[in-house]
Amino acid sequence: MSNSVAIVGMGYTSPRPLTPEVSYKEMIYEAAIKAYHDANLPSHKDIDGFVTCAEDFIEGTSIFDEYTPDQLGGVQKPMHTITGDLLHGIATAVMNIQTGQQDIVVVEAHSKLSNVKSLDHITHYATDPILTRPLNVNPHAFAALDMQRFLHVSKNTLKHCAEVVIKNKRNAFKNDLSCHAQNLTVQEVLDSEETFRPLTHLQKASPVDGAFVFVLANAKKAKKLNKKPIWIRGCGWISDSPSLETRAWDTCDYAKLSGQMAYRQAKIKNPKTQIDFFEIDDTYAFKELQHLEALGIYDKGKSGNALLNGALDPDGAMPTNVSGGTLGVGTFHDASGGLRTVEMIKQLRGEAGPRQLKKANTGLAFSWRGVPTTSGITVIYSRKGA
Amino acid sequence: MNLKGTPLKGKDFENGHVLTTKSRSNAFYAWDTGQGIGKYLQGLKEGKILGTYCKKCDRTVVPPRVFCELCMGSNIEWRVLKDTGRINTFSICYVNWDASRVEHPHLPAVIEIDGATKGHGIMHVLDEVAPKDIKIGMKVKAVWKRKEERKGDITDIQYWKPL
């Protein structure tokens, strides 16, 4: 128990497609003071270190970590920024605390995607400048390539993918953070604007702005600060080959291996029975199914029918994206792990209101860093410590 | 100095004797200024330099912000500061972006604004001053653009000159 780490506070802003009235600093400040209040921190001065998650090219500012201390109360404190999802930040903070050098660490990530006026082009810079970029292929097409192969190998269908959209956008009605709740039919999803076949417009999450801040603490501090600490039982992260030519298209190894790494730490032998609910990357609808299968929740090709049978619904055996996911709430890019972690905390604390699950003792959050990456991270949260 | 190797000239690249790939960036952003900096820029458009005062820390800062990064409180008051100040630090820049020499040196400076707490000022440029005469602590005054030319931009102040 002495090496256990828990989340003791969370703060976030209301997601919206546009946030012209606040700067990213003001947005983060709002999330930060809410998180510190939620953590019952006597003062921000009690925080020993800060981890922020951001990508310079998305922010439009080089060496962005220079711009992160003020709004978090981190002036003249240890602070570093990593280019990863918020869940990568959680894993980093856990390690910081486990060194014994820091007792309380704050993790922050935000999205101001409305400020990025050439987002697809920025994403395009993630491709190889010599071998891929000259082909001038829109980066969303890489998701389409992935989807085509996934459907071919797994025998899941377009209808299954449409049902993911329907489920998540329906779940979003019960989440007051959602920007994209909607009642849809399979035909409406499949007949929506054809973008990058087999993808259609409604199968892709839409960008939203928002900020997330979490306070993590070691076991001793966690128990003092919060009556309902949420324990981090395992963190696993994997990057596969960046090469579009040679990556593991058929097996989604980044999800599989990151899950296995987290399961080992959490001493989970059978995730199907030992995990109660899932918040899984669904940036593109098929990804939810692909990731569930890679994480070992379903055998290859079985997730689609499970979805049709209601197993992924809030009252099903494997509730998945009860929050509405990024299809229902919106995508925050590298801050999307924040949405997943908020849902984990609310469910595990028993504070999820109208969408509270009956059984919520252990949950799994999984983030993928989006096209064209093969980077994934799994974090397992639990009501109880190790 | 005689160095071993194969010398390359510009035309070797132009003529394709050296294999290269070129790409031009397509990165466009529009940063929301928010409440703090938005009001500051509006002030500049009106010919005023605005700062904020934190009661708890007894500190007036510029550029202004809607929260205090030291106490993390938001109990702040807006203050109109003077458009005069003192040079905190400066440089005399003789080199262009392309490394060529400039005829008239560029003169960036940090100017502590009168009315702000000591140590608080803005980054800007000097003019109407001989480089050899610039000194730390020198009193300076803002030279504004004409009212109809101001856009709510940091360049609404053209430069600072000795007072």
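All figures in this text were calculated on a predicted structure; none of them were measured in a lab.

**Quick notes on the overall build of chain B**
Across its full length, chain B carries two helices and ten strands. For chain B, the α and β elements follow one another from N to C terminus as α-α-β-β-β-β-β-β-β-β-β-β. Taking 163 residues into account, the globule formula puts the C-alpha radius of gyration at 15 Å, and chain B, at 22 Å, lies well above it. Across its three principal directions, the C-alpha atoms of chain B cover 65 × 40 × 35 Å. The 163 residues of chain B split such that 23% are buried. Counted over contacts in chain B with a minimum sequence separation of 6, partners at least 24 positions apart contribute 52%.

**Description of the nonpolar core**
Ranked by size, the top nonpolar core spans 121 residues in total, and within it Ile-90, Val-215, Leu-216 and Val-379 of chain A carry the most contacts. The leading source of residues in this core is helix α1 (residues 24–38) of chain A, at nine residues. Both domains that meet at this core, namely domain 1 (5–117 + 208–225) and domain 2 (128–207 + 232–382) of chain A, each give it at least three residues. What Leu-216 of chain A contacts, discounting residues up to four positions off in sequence, is Val-5, Ala-6, Ile-7, Ala-93, Val-94, Ile-97, Val-105 and Val-107 of chain A. Of all hydrophobic cores here, the second largest spans 19 residues; its members include Ile-49, Val-62, Ala-109 and Val-140 of chain B.

**Observations regarding helix α9 (residues 253–266) of chain A**
Residues and elements named next belong to chain A. With 14 residues, α9 should cover 20 Å at 1.5 Å per step; its first-to-last C-alpha distance of 20 Å lies within 8% of that length. Its buried side turned inward, α9 meets β6 (230–239), α10 (271–274), α11 (285–294), β8 (362–368) and β9 (375–382). Positive phi shows up at Lys-267, right after α9, with a value of about 55°.

**Some thoughts on the interface of chain A and chain B**
Facing 24 residues of chain A, the contacting portion of chain B comprises 19 residues. Listed by contribution, the elements that provide at least two residues to the side of chain A that touches chain B are α1 and α4 (119–124) of chain A. Ranked by the residues each element gives to the side of chain A that touches chain B, the list is headed by α1 of chain A, at four residues. A class-by-class count of the residues in the side of chain A that touches chain B yields ten nonpolar, eight polar and six charged.

**Some remarks on the sheet that holds strand β8 (residues 121–125) of chain B**
Residues and elements named next belong to chain B. Strand order in this open sheet of five strands is β8-β7-β4-β9-β10, and the pairing throughout is antiparallel. The sheet terminates laterally at β8 and β10 (157–162), the two strands that pair on one side only. Taken over all neighbouring pairs, the strand axes of this sheet differ in orientation by 45° on average, direction set aside. Bridge count between strand β7 (residues 108–113) and β8: five bridges; the pairing is antiparallel. Note on β8: the bridge partner recorded for Ala-109 is His-124.

**A word on the domain arrangement of chain A**
Accessible area lost on assembly of the parts is the figure often given for the size of an interface. Residue and element names in this part refer to chain A. We note that the domain assignment places domain 1 (5–117 + 208–225) and domain 2 (128–207 + 232–382) within chain A. Put simply, the middle of domain 1 and the middle of domain 2, counted by C-alpha atoms, are 24 Å apart. Secondary structure elements with two or more residues in the side of domain 1 that touches domain 2: β1 (5–12), α3 (86–98), β4 (104–111) and β5 (210–218). If you tally residues by element for the side of domain 1 that touches domain 2, the top one is α3, at six residues. Looking at the side of domain 1 that touches domain 2 residue by residue, the classes come out as 20 nonpolar, six polar and three charged.

**Looking at the pairing of β1 of chain A**
All names here are of chain A. Counting buried positions along β1 yields eight of eight residues, so the element is predominantly enclosed. When β1 meets β6, the two strands line up antiparallel, connected through three bridges. Bridged to Ala-6 within β6 is Trp-231. Examined bridge by bridge, β1 and β5 share seven bridges and lie antiparallel to one another. Each bridged residue has a counterpart across the sheet, and for Met-10 the counterpart in β5 is Phe-214.

**Topic: the packing of α3 of chain A against helix α14 (residues 336–349) of chain A**
All names here are of chain A. In contact at an axis separation of 6 Å, α3 and α14 are set at 70° when each is read in the N-to-C sense. By the angle class used here, α3 and α14 are roughly perpendicular. Seen from α3, the contacting residues are Leu-86, Leu-87 and Ile-90; seen from α14, they are Gly-337, Gly-338 and Thr-341. Grouping the constituent residues of the contact of α3 with α14 by class yields three nonpolar, three polar and no charged.

**Remarks on unusual backbone geometry**
Put simply, Val-371 of chain A and Pro-372 of chain A share a cis peptide bond, and its omega is -5°. Mapped onto the elements, Pro-372 of chain A comes out in the loop between β8 and β9. Cis geometry is found at the peptide bond from Val-62 of chain B to Pro-63 of chain B, where omega equals -5°. Within the secondary structure layout, Pro-63 of chain B lies in the loop between β2 (59–61) and β3 (76–81). In this model, Gln-76 of chain A sits at a positive phi of 60°, which is unusual for a non-glycine residue. On the neighbour-count criterion, Gln-76 of chain A (7 C-beta atoms within 10 Å) is exposed. In this structure, His-333 of chain A takes a positive phi of about 55° despite not being glycine. The topology assignment puts His-333 of chain A in the loop between α13 (325–328) and α14.

**Section: the sheet that holds β4 of chain A**
All names here are of chain A. The nine strands are arranged β3-β2-β4-β5-β1-β6-β9-β8-β7 in an open sheet whose pairing can be described as mixed. Every other strand in the sheet has two partners, leaving β3 (79–82) and β7 (277–280) as the edge strands with one partner each. Between one strand and the next, the sheet's axes are offset by a mean angle of 25°, whatever the strand orientation. With five bridges connecting them, strand β2 (residues 49–53) and β4 associate as parallel partners. Its bridge partner being in β4, Cys-53 is matched across the sheet by Ala-109. In the packing of α9 onto the sheet, the strands contacted are β6, β8 and β9, and the crossing angle to β6 comes to about 145°.

How each quantity is defined
- Along each chain, residues carry numbers from 1 onward, in the same order as the chain's sequence is written.
- To label them, take the chains in the order written and letter them from A, then take the ligands in the order written and number them from 1.
- Whole-chain, interface and lining totals are the exception, using all residues; otherwise, since this is a predicted model, local features are given only for residues with pLDDT of at least 70 and side-chain atom pairs are given and counted only at 80 or more.
- Helical segments are the DSSP runs of H or I of at least four residues, strand segments are the runs of E of at least two, and each set is numbered from the N terminus.
- Here the radius of gyration uses the C-alpha set of atoms, whereas the globule reference equals 2.2 Å times the residue count to the power 0.38.
- Exposed residues have 12 or fewer other C-beta atoms within 10 Å of their own C-beta, buried residues have 20 or more, and residues in between are partly exposed; the C-beta atoms are placed from the backbone.
- Throughout, a residue-residue contact means that the two C-beta atoms, derived from backbone geometry, are no farther apart than 7 Å.
- In this usage, the nonpolar core is the set of buried Ala, Val, Leu, Ile, Met, Phe, Trp, Tyr and Cys residues whose C-beta atoms join them within 7 Å.
- A domain assignment, automatic or from a database, supplies the domain bounds used here.
- To estimate how far a helix should extend, the number of its residues minus one is multiplied by 1.5 Å.
- Residue type decides the class: Asp, Glu, Lys and Arg count as charged, Ala, Val, Leu, Ile, Met, Phe, Trp, Tyr, Cys and Pro as nonpolar, and the leftover types, Gly among them, as polar.
- Any two strands are treated as partners once DSSP identifies two or more bridges connecting them.
- Here the axes come from fitting lines to C-alpha atoms, over the contacting stretch only for helices, and the angles between their N-to-C directions go from 0 to 180 degrees.
- Geometric relationships in this document are graded by angle, where less than 35 degrees denotes roughly parallel, more than 145 denotes roughly antiparallel, 65 to 115 denotes roughly perpendicular, and other angles denote oblique.

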